[in-house]
Amino acid sequence: MSAHADTHGHDDDHGHHHKETFVTKYIFSQDHKMIAKQYLVTGTIMGVIGVLMSMMFRMQIAWPEEPNVLFEALLGKWAPDGVMDADIYLALVTIHGTIMVFFVLTAGLSGTFSNLLIPLQIGARDMASGFLNMVSYWLFFLSSVIMIISLFVEAGPAAAGWTIYPPLSALPMAQGGSGMGMTLWLVSMAIFIASSLLGSLNYVVTVINLRTKGMSMTRLPLTIWAFFVTAIIGIISFPVLLSAALLLIMDRSFGTSFFLSDIFIQGEVLHYQGGSPVLFEHLFWFLGHPEVYIVILPAMGLVSEIMASNSRKPIFGYRAMIASILAIAFLSTIVWGHHMFISGMNPFLGSVFTFTTLLIAIPSAVKAFNWITTLWKGNLQMNPAMLFSIGFVSTFITGGLTGIILGDSALDINVHDTYFVVAHFHLVMGISALYGMFAGIYHWFPKMFGRMLNKNLGYIHFWLTAVCAYGVFFPMHFIGMAGLPRRYYTNSNFPLFDDLANVNVIITIFALIGGVVQIVYLYNFFISIFYGKKAVQNPWRSTTLEWTTPVEHIHGNWPGEIPHVHRWAYDYSKPGHDVDFVPQTVPLKDGEEELQH
Amino acid sequence: MTALLTIIVLVFILIAIWQMVKIFDLAQAKGGSDTSGVATDKDNTMNGYLMMGFLGFIYAITIVSLVKWGDLPLMSNSASEHGPTVDNLMVISMVIIFFVQTVTQFLLHYFAFKYKGEKGKKALFFADNNKLEAIWTIIPVIVLAGLIIYGLNTWINIMGVDESDDPLVVELYAQQFNWKARYAGADNTLGKANVRLIDIDRANILGLDEADPNAQDDIITTELHLPVGKPVLFKMRSQDVLHSAYMPHFRAQMNCVPGMITQFGFTPTVTTADMRLTPEMQEKVTRINKIRVENSKPLVAKGEEPLERYEFDYLLLCNKICGKSHYNMQMKIVVETQEEYDAWIKEQKEFKNSLIN
């Protein structure tokens, strides 16, 4: 285990090396690289569960109330004779959303790449606190386990939608899933938030304090900027969700009335008085909206880095990219009300939120144009990571543009909670963030596992996924604009929507193919960990610091002294150099100017 | 059965993928090309062309969607006074979106094709250009400023309730899983109500205050009838969980929140009868009935009743997840002439006469 510790000469400042056992290396590891891998594998497992759920409820939407052997096998008592129950349909939708947003795209994406890349790219031996980092992962693991356990509760898992609006989520008599299922959901999320906060604090402290000599803030790769700002948004907004969850727990278990008032259900009047569900909506979306940027900003960072490296060009407008990350982060905290235009809040407040929401389109547009310009006159290396990055920009634009309809309160009245919304957010944050994650995995797999992923499987994975993503979510806009509400178990009670049934079948077929195609990726991923081709030190010929570490992982990252940094991260194809990339560790030549970016 | 078939098809697709990979790998082994997992010139060329192909796919799916499902009932055929302004704004936004989408997707995919990598080529070192960035900051600013101003004007017009219009006051009352409407009666003032006053035994199902004089002439119905051309002010209430009163044809929606009263007002402009006669609606209804006849065939073969013929009606749908039967929480809306409305309302029981003593 510690063989390389002996063979490589370590410098003094991490002489804390002690013998590693299996447990300290693979399970309770404090090494950021191992923790990153743990996040990735846990996130992947949760992702498989989340995607399977979506495939099941898509089949129900396409072929409503038809017996299905899969349902019978997987859902058991919830699918008598193979016909899906309406309660479990809502539960599947709810848990799918929860898992994908929090467990896959927050923990899986941010947890993996912040942990892997922050120390490696800023030139640090490890995170500021390896111990907190380990605790953060294990809290995440615990919350994942509790979320999975909640699926097997007698009365059913939480089914009030991933936004868990009370009173539906507060009253077990309103819905079976609001009993033990919701309790476990809340406990799981509370632990998840604790995990996320510990992680975020660690990221922020590490980026501020542990940068190597010469690594000024304006020499940081955009990945680090994205992780850094993401962590800050997380610290600001996640505690608010925690308080919402705690207040909801009190309403549910201790009879307080924070969110409940004047309720008559199943023949009896409940004692609640004076609370307001709208308050919960405010608290929820105060996290809920920044959350989508917590999901998408790291993906943006990864994509910026991968695009520059594979275009063999500097990222276009480095400073504008940082400024737009900051602008998006700031605006993201003051737009939550656009989820609540028709919640009953004051219409004037709606006007304010329309204004701030549409402003976000400006930094987003700047980013999109800068990515496109980065490709211009490049020498594009079409590695799978690059394809996913280009795919990211494509879906981010397609999904982002419809945001100017949903952010406009007057238009939102009519498409609110229809499939138009589902199409919008899946493209702009679901698929895009997933693409960012895939891009990151294909790009940094050699760094994580010392082996390469099979690129041909990568190509097949990308192209089929790309076609399916558009096949699923593009037509969805149109059924939304025809007025079809989301979260309907079946549409057969509305003859009005009969002519949309065939669209739903098409969407489901694309979704099923798209889901199954992910097996190609899973196969590639797990086989390549053990049997992939051995990676060279810097396979993509990148400039950033992580590629100066040895392929074999060692505690402390660099065998000798930590390298010093002399330039920004994007000296690709710089005139005056023989090779088309100049690593950050190479000092400026005599008379060479560091770009005044 | 369908599911089983789907699974079989998916398995075949998987096998096909498998074979394709093998072919790829074999082809590469023979050529002795680089197999280290990094893209070669050949990969760059292939994927460059695929990028252009994918651009074609995006355009194709856009055109197919527009042609096949582009009649977009939410952008035409509105039946309320504010409807056309909303639709107008929607159309303008859509045109902008489609324009930007077409251009940017072209640039993205075309650049990916045009500048696909070749060994020995060097990229242009182009890190910054303030002028360019200023342009694509300022243009979105101008476009969005226009949209914001237009949008906010529309929003304020819709949400501002003008009490001087003397609107018809109607309460929409939501419960798991149905809707009730309460008309204010001759005094056009809704009586006080609270769920604590609900008395099922006396049929006081909405919890009206029996002592309130304003409540006596209130009328509770299970269908929503509206006189055409008369402003209506809806007061929304829910007795249990959140619901949302969604009336897509009138471009109207508002949540019903337990513990508070929300409101939304509009003026219906087209009667149900007139709407049924519009060519677009007739076409849609014919199309739907064709589908229903098709869907009835297997039912009849099994000896069951065929599906009922569809006739157009305005609907109120629940559009906020509210529990098990959320998918079937609806109420029919009838827009009719003032005379028809007066005749209908006269037949309904007033609250004071509907109580069981």
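Keep in mind that this is a model prediction, so the values were computed, not measured. (Residues numbered from 1 in each chain as written. Chains lettered and ligands numbered in written order. Predicted model: local features only at pLDDT ≥ 70, side-chain atom pairs only at ≥ 80, totals over all residues. Heavy atoms only, no water.)

Student: Can you help me understand the pattern of salt bridges in this one?
Tutor: If charged atoms from side chains of opposite charge come close, those side chains can pair. One pass over the full model with this rule turns up 30 salt bridges over all chains. We note a salt bridge from Asp499(A) to Lys284(B), for which the minimum N-O separation is 3.3 Å. In this pair, Asp499(A) is assigned in the loop between α17 (455-481) and α18 (501-531) and Lys284(B) in helix α6 (residues 279-301), connecting two distinct chains. Given a relative accessible area of 11%, Lys284(B) falls into the buried group. (Salt bridge = Lys/Arg side-chain N within 4 Å of Asp/Glu carboxyl O. Helix = DSSP H or I, 4+ residues; strand = E, 2+ residues; numbered from the N terminus. Buried < 20%, exposed > 50% of the residue type's maximum accessible area, 1.4 Å probe, protein only.)

Student: Even after reading the chapter, I still don't get the interface of chain A and chain B, so can you show me in this structure?
Tutor: One frequently used descriptor of interface size is the decrease in accessible area upon assembly of the parts. Between chain A and chain B, the contact holds 152 residues from the first and 130 residues from the second. Between chain A and chain B, a total of about 12,200 Å² is buried, with carbon and sulfur atoms accounting for 70% of that surface. Where chain A touches chain B, the interface holds 8 salt bridges. Our count for the chain A to chain B interface comes out at 34 residue pairs in polar contact (both at pLDDT 80 or more). In terms of residues, the side of chain A that touches chain B owes the most to one element, α17(A), which gives 17 residues. Tallied by class, residues from the side of chain A that touches chain B come to 95 nonpolar, 38 polar and 19 charged. (Contact = heavy atoms within 4.5 Å. Buried area = accessible area lost by both parts, 1.4 Å probe. Polar contact = N/O pair within 3.5 Å; in protein donor to acceptor, adjacent residues only side chain to side chain. Nonpolar A, V, L, I, M, F, W, Y, C, P; charged D, E, K, R; others polar.)

Student: Hey, could you run me through the UniProt feature "transmembrane region" (unreviewed entry) in chain B in this one?
Tutor: Following the UniProt record, the feature "transmembrane region" (unreviewed entry) maps to residues 6-27, 48-69, 89-113 and 134-152 of chain B here. The span residues 48-69 of chain B is 100% helical and 0% strand by assignment, and the distance between its end C-alpha atoms comes to 31 Å. (UniProt positions renumbered as here; feature names shortened; annotations may be inferred.)

Student: How should I be thinking about helix α6 (residues 130-149) of chain A in this particular structure?
Tutor: For the α-helix, the turn length of 3.6 residues means that residues three or four positions removed from each other point alike. With 20 residues, α6(A) extends 29 Å between its outermost C-alpha atoms, agreeing within 8% with the 28 Å of an ideal straight helix rising 1.5 Å per residue. When α6(A) is considered as a whole, its buried residues turn out to be Gly130(A), Asn133(A), Met134(A), Ser136(A), Tyr137(A), Phe140(A), Ser143(A), Ser144(A), Ile146(A) and Met147(A). (Expected span 1.5 Å × (residues − 1).)

Student: Is there a simple way to think about the packing of aromatic side chains in this case?
Tutor: Two aromatic rings are characterised by how far apart their centres lie and by the angle between their planes. Throughout the structure, instances matching the rule amount to 69 aromatic pairs over all chains. Judged by centre distance (5.5 Å) and plane angle (70°), the ring pair of Phe388(A) and Tyr435(A) falls under edge-to-face. Taken together, the positions of Phe388(A) in helix α13 (residues 384-401) and Tyr435(A) in helix α16 (residues 419-449) put the pair 47 residues apart, joining distant regions of the chain. Aromatic pair Phe250(B) and Tyr314(B): ring centres 4.7 Å apart, planes at 50°, arrangement tilted. Of this pair, Phe250(B) sits in the loop between β6 (243-247) and β7 (252-256) while Tyr314(B) is found in strand β9 (residues 314-318), placing the two residues 64 residues apart along the sequence. Owing to a relative accessible area of 0%, Tyr314(B) belongs among the buried residues under this scheme. (Phe/Tyr/Trp six-rings, centres within 6.5 Å; stacked < 30°, edge-to-face > 60°.)

Student: Sorry if this is basic, but what is going on with the sheet that holds strand β5 (residues 232-238) of chain B here?
Tutor: Strand pairing in a sheet relies on backbone hydrogen bonds, with the paired strands running either antiparallel or parallel. Residue and element names in this part refer to chain B. Strand order in this open sheet of 5 strands is β3-β2-β1-β5-β8, and the pairing throughout is mixed. Both outer strands of the open sheet, β3 (219-221) and β8 (262-266), are each paired with one neighbouring strand and no more. Geometrically, the sheet is characterised by an average inter-axis angle of 25° between neighbouring strands, direction not taken into account. Relative to β8, β5 is paired through 5 bridges, and the arrangement is antiparallel. Counted as the bridge partner of Met236 is Thr262 from β8. Contacts between helix α7 (residues 338-347) and the sheet are confined to β1 (168-175), β2 (178-183) and β3, with β2 contributing the most and set at about 100° to the helix. (Pairing = 2+ DSSP bridges. Axes fitted to C-alpha atoms, helices over the stretch in contact; angles between N-to-C directions.)

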